[in-house]
Amino acid sequence: MNCGITTEEAKSIDIEELLKKLSADKKGLSASESKDRLQKYGYNEITEKKESLVLKLLSFFNGPIAWMIEAAAIISALIHNWLDFWVIFALLMVNAVVGFIQEKKADDAIDLLKQKLALQARVLRDGKWTDVPAKELVPGDIVHVKLGDIVPADVKLIKGEYLLADEAALTGESLPAEKHVSDVAYSGSVARKGEMDALVVTTGMNTFFGKTAALVEEVKTQSHLQKVLAKIGNFLIILAVAMVVVTFVIAYMRGENLLEMLKLALVIIVASIPIAMPAVLSVSMAVGAINLSKKKAIVSHLAAIEEVAGMDILCSDKTGTITQNKLTLAEVVPFKGFTDKDVLLNASLACTEEGEDPIDMAILAKTKQVFPDDATANYNIIDFKPFDPVIKRAETIVESADGKRFRVAKGAPQVILSLASNKDSIQAKVNEGVDTLAAKGYRTLGVAMTDAEGRWQFVGLIPLYDPPREDSKQTLDTAESMGIDVKMVTGDHEAIAKEVAQQVDLGTNILPAAKLLEIKSDSEAERLVEDADGFAQVFPEHKFHIVELLQKKQHIVGMTGDGVNDAPALKKADAGIAVAGATDAARSAADIVLTLPGLSVIIDAVKESRKIFQRMNSYAIYRIAETIALLFFITLSIIIFDFYPLTALMIVMLALLNDVPIMTIAYDNVHYHNKPEKWNMKAVLGMATVLGVIGVIFSFAFLFIGMHVLHLTTEEIMSFMFLQLVVMGHLTIFLTRTRRHFWSIKPCGALLGSAVITKVLATLMVVYGLLVPAIGWQLTGIVWGYCLFYFVIVDFIKVPLFKKWG
């Protein structure tokens, strides 16, 4: 699809002629023009190369798991066992369709979340500047790019002084490139300084970034969770192959039919392979991401969910996260001859609402509380000079109701003091007041006015502070109870950081960030960072260093940020978190993007992540235990008793009936742990092995009952054992899903419902002889009673074992 002119052609555009045209018509594109061009050029987005739905469905017929099932079906056909062939073929179709549906649901959920993170662009349309999704930009649009923005397309810069663009992601050049009028800025680069207007010349896959992306396949990394589950899958396959080889050799030595043995061997492997593992993993992550989005935390990298579950240190911004990011006036300090109201009134006369300056807005809000009748209405502002960062004060010429004129100034206390006619006599008092307020963490302004003779009089001091959020203290207590050490990170002075930390009970061991750069020993720096309660006077480059030092001490670190320069630290952190109102660059670098201010959103993310981890941990124990129980029971039955307890068809049906309910574990009710999560493979393998061995013992005991107590025929014993293994397998899910007794946490409706349906189906199969020999209701009742007895006994065994393994 044509996406506009090429980047090279854009460089040759005559900028003088273009500017003349734009100065004559400052309206930009009309809505109809942009719509027409959108149809012509397509959306401005870098599209991933996705498989068609047909190819994705076909992919589920490919791979080791599908190959095993297909081989079993082919062998069934070769030996003319057509019933087994069609049933196995049907199961292959069901496995493919279910896997396809679950993966598509997960992909759709993530696509929906990504839409919420879509970049916005400031564009001139119909003569008005408006914000639109960046993907709707078309060649010919005029856009405005400012500090922190990601350049939304390849653009020709047409107006403004300069733009410092970080093109490291495109060119590998670490230093930002300085751009001026007539230069081209590339899509995907980040504006580090300056702001300019620009003409969109190239969009979508025709941009420099789009062409590069088309040449490079996306490298997908595995999270710790994916690596662990892959190891579990490999372990189960190796165990299955070993059991099959032993069975095959012994059966061959006994002179049994080769094709029958081969078919059984293949199906045993199929039964042991965790068919549902990919679906369980993707659905659990997607469901967790959707739940987090409902709590105003958008997940941009699914693998980060597991990192958040294991996070033990959170470096949190102070402003807007721990505090309200809303300046508030503390108790003013009037000087001799003036009152509190005089200080407030004069300060408000040197403020304006137009610029929405946070200091001015705080003073005006307080003034309205003290003067409900708007005392400033009695004064006329003749001239207003807003705050000048060079002279560090704002100044106003005011006319009172009686026609008298005077001047009012507010600004840095030392600057305002220098105006006062009696500055020498009050200097000590001003300095003392400023120091006292600074020790409490307050920023201080001085206020002065001229008297009838035009001499400046120091009116008083106005202390300002950013108060903690109402929920900060409680949220920090919750974080501490969950094993998370929260360290405050702020660019403010050490005194301000200590005061806020004290108010929220965070700890007052605040370390000036510059001190870290003075320490030569890495071990000493690591110790100081680990012991600190927070960091003051922090610049973005300090954040990266702090994360690096903590990671060297084997901590899983979360870092919050909002600015352009926070992006490297967010990338470096195990869990990068962009806070509400973050720049595009910070949002793109982060793993999780918050849409509400405050720490409580982060804590919600931690809780949800730990729940997901619990579900995966339960699944791992269940899968290993079931495989051990099934493989050892079948293998030992063949080796010791020369008896095949199940047919090939029964084993495939068993695998299907057990895997359907386990997919719904992604929705299960679980309790999160109050400690950071990490994989304890000793506990997982230990618990799974115990449950698996117990399952083998109970299965052999039941086989003995069927053979020597009930004197069942071979066909009846097979159905007898088939139902027992199905029901025990389902009940094992409810044993592994909680570390306490099975009734301690109510299962979700999806898990319970799917288990009940599949158990009823298996029961009807053996009662009425559907695909398996019929055994009637009486024997079925015995199976159920025996399995429930197993369930209760093992539930009481598992509780102390879980405590032992932590």
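Our structure is the block above this text.
Scoring rules and cut-offs
- Residues numbered from 1 in each chain as written.
- Predicted model: local features only at pLDDT ≥ 70, side-chain atom pairs only at ≥ 80, totals over all residues.
- Heavy atoms only, no water.
- Buried < 20%, exposed > 50% of the residue type's maximum accessible area, 1.4 Å probe, protein only.
- Helix = DSSP H or I, 4+ residues; strand = E, 2+ residues; numbered from the N terminus.
- Pairing = 2+ DSSP bridges.
- Phe/Tyr/Trp six-rings, centres within 6.5 Å; stacked < 30°, edge-to-face > 60°.
- Lys NZ or Arg CZ within 6 Å of the ring centre and 35° of its normal.
- Axes fitted to C-alpha atoms, helices over the stretch in contact; angles between N-to-C directions.
- Parallel < 35°, antiparallel > 145°, perpendicular 65-115°, else oblique.
- Left-handed = near helix turned anticlockwise from the far one by under 90°.
- Contact = heavy atoms within 4.5 Å.
- Nonpolar A, V, L, I, M, F, W, Y, C, P; charged D, E, K, R; others polar.
- Polar contact = N/O pair within 3.5 Å; in protein donor to acceptor, adjacent residues only side chain to side chain.
- Salt bridge = Lys/Arg side-chain N within 4 Å of Asp/Glu carboxyl O.
- Core = buried A, V, L, I, M, F, W, Y, C linked by side-chain atoms within 4.5 Å.

**Q** Please give an account of the pairing of strand 16 (residues 405-411) that cites residues and values.
**A** Most of strand 16 is tucked away, with 5 of its 7 residues classed as buried. Looking at chain direction, strand 15 (residues 393-399) and strand 16 are connected through 7 bridges and run antiparallel. Counterpart to Thr 396 in the pairing with strand 16 is Val 408. Turn length for the strand 15-strand 16 hairpin, with the two strands adjacent in sequence and antiparallel, is 5 residues, and the turn residue Gly 403 shows positive phi of about 90°. Inspection of the sheet shows strand 16 paired to strand 17 (residues 443-450) by 4 bridges, in the antiparallel sense. For Val 408, the partnering residue across the bridge sits in strand 17 and is Met 449.

**Q** Go over the packing of aromatic side chains, please, and point to the residues and values.
**A** By convention here, two paired aromatic rings are described through the distance between centres and the angle between planes. Evaluated as defined, the whole model comprises 13 aromatic pairs. Arranged with centres 4.3 Å apart and planes meeting at 15°, the rings of Phe 702 and Phe 720 form a pair that is stacked. On the criterion of sequence distance, the pair formed by Phe 702 in helix 27 (residues 681-709) and Phe 720 in helix 28 (residues 714-736) is long-range, its members being 18 residues apart. Exposure class is identical for Phe 702 and Phe 720. Each is buried. It is Lys 429 that lies over the ring of Phe 335; its NZ or CZ is 4.7 Å from the centre.

**Q** Can you lay out unusual backbone geometry for me, pointing to particular residues and giving the numbers?
**A** For Gln 554, which is not glycine, the phi torsion reads 70° and is therefore positive. Mapped onto the elements, Gln 554 comes out in the loop between helix 22 (540-552) and strand 22 (557-561). In this structure Gln 554 comes out as exposed when scored by relative accessible area, which is 68%. In the Ramachandran plot, Leu 771 falls in the positive-phi region, its phi being about 70° despite a non-glycine side chain. Mapped onto the secondary structure, Leu 771 falls in the loop between helix 29 (749-768) and helix 30 (776-804).

**Q** Tell me about the sheet that holds strand 23 (residues 575-578), and name the residues and values.
**A** Here we have 8 strands laid out as an open sheet, ordered 10-24-23-22-11-19-21-20, and mixed in their pairing. A single partner strand is all that each edge strand has here, and the edge strands are strand 10 (297-299) and strand 20 (510-512). Strand-to-strand twist across the sheet, computed as the mean angle between neighbouring axes with direction ignored, equals 20°. When strand 19 (residues 485-489) meets strand 21 (residues 534-536), the two strands line up parallel, connected through 2 bridges.

**Q** An account of the packing of helix 27 against helix 28 is needed here, citing residue identities and associated values.
**A** Their axes nearest at 11 Å, the elements helix 27 and helix 28 cross at an angle of 155°. In terms of orientation, helix 27 and helix 28 fall into the roughly antiparallel class. For the element pair helix 27 and helix 28, the recorded crossing hand is right-handed. In this structure, helix 27 contributes Leu 691, Gly 695, Phe 698, Ser 699, Phe 702, Leu 703, Gly 706 and Met 707 to the contact, and helix 28 contributes Ile 717, Phe 720, Met 721, Gln 724, Leu 725, Met 728 and Thr 736. Classifying every residue of the contact of helix 27 with helix 28 gives 10 nonpolar, 5 polar and no charged.

**Q** Before we move on, could you go through the side chain of Thr 738 and cite the residues and values that matter?
**A** Its location among the elements puts Thr 738 in the loop between helix 28 and helix 29. The class of Thr 738 is buried, set by a relative accessible area of 2%. Side-chain polar atoms of Thr 738 contact the backbone nitrogen of Arg 740, separated by 3.2 Å. When residues no more than four places from it in sequence are discounted, the contact partners of Thr 738 are Ser 744, Ile 745, Lys 798 and Phe 802.

**Q** Provide a residue-level description of the environment of Val 155, including the pertinent values.
**A** Of note, Val 155 is situated in strand 4 (residues 154-159). Apart from residues no more than four positions distant in its own chain, Val 155 is found in contact with Val 143, Asp 183, Val 184, Ala 185, Ala 198, Leu 199, Val 200 and Val 201.

**Q** Which residues make up the pattern of salt bridges, and what values go with them?
**A** Summed over the entire model, instances satisfying the criterion amount to 20 salt bridges. Between Asp 131 and Arg 122 there is a salt bridge, and its shortest N-O distance comes to 3.5 Å. Two residues, Arg 527 and Asp 531, come together in a salt bridge whose shortest N-O distance is 3.4 Å. With Arg 527 and Asp 531 both in helix 21 (residues 522-531) and 4 residues apart, the pair spans about one turn of that helix. With a relative accessible area of 38%, Arg 527 lands in the partly exposed category.

**Q** Got a sec to walk through the nonpolar core? Specific residues and values, please.
**A** Leu 646, Phe 722 and Tyr 790 are the most contacted members of the largest nonpolar core, which totals 77 residues. Elements supplying a minimum of two residues to this core: helix 9 (224-253), helix 25 (600-641), helix 26 (648-663), helix 27, helix 28, helix 29 and helix 30. Broken down by element, the residue count for this core peaks at 15 residues, all from helix 25.

It is worth stressing that arrangement in space is one thing and function is another; only the former is reported here.
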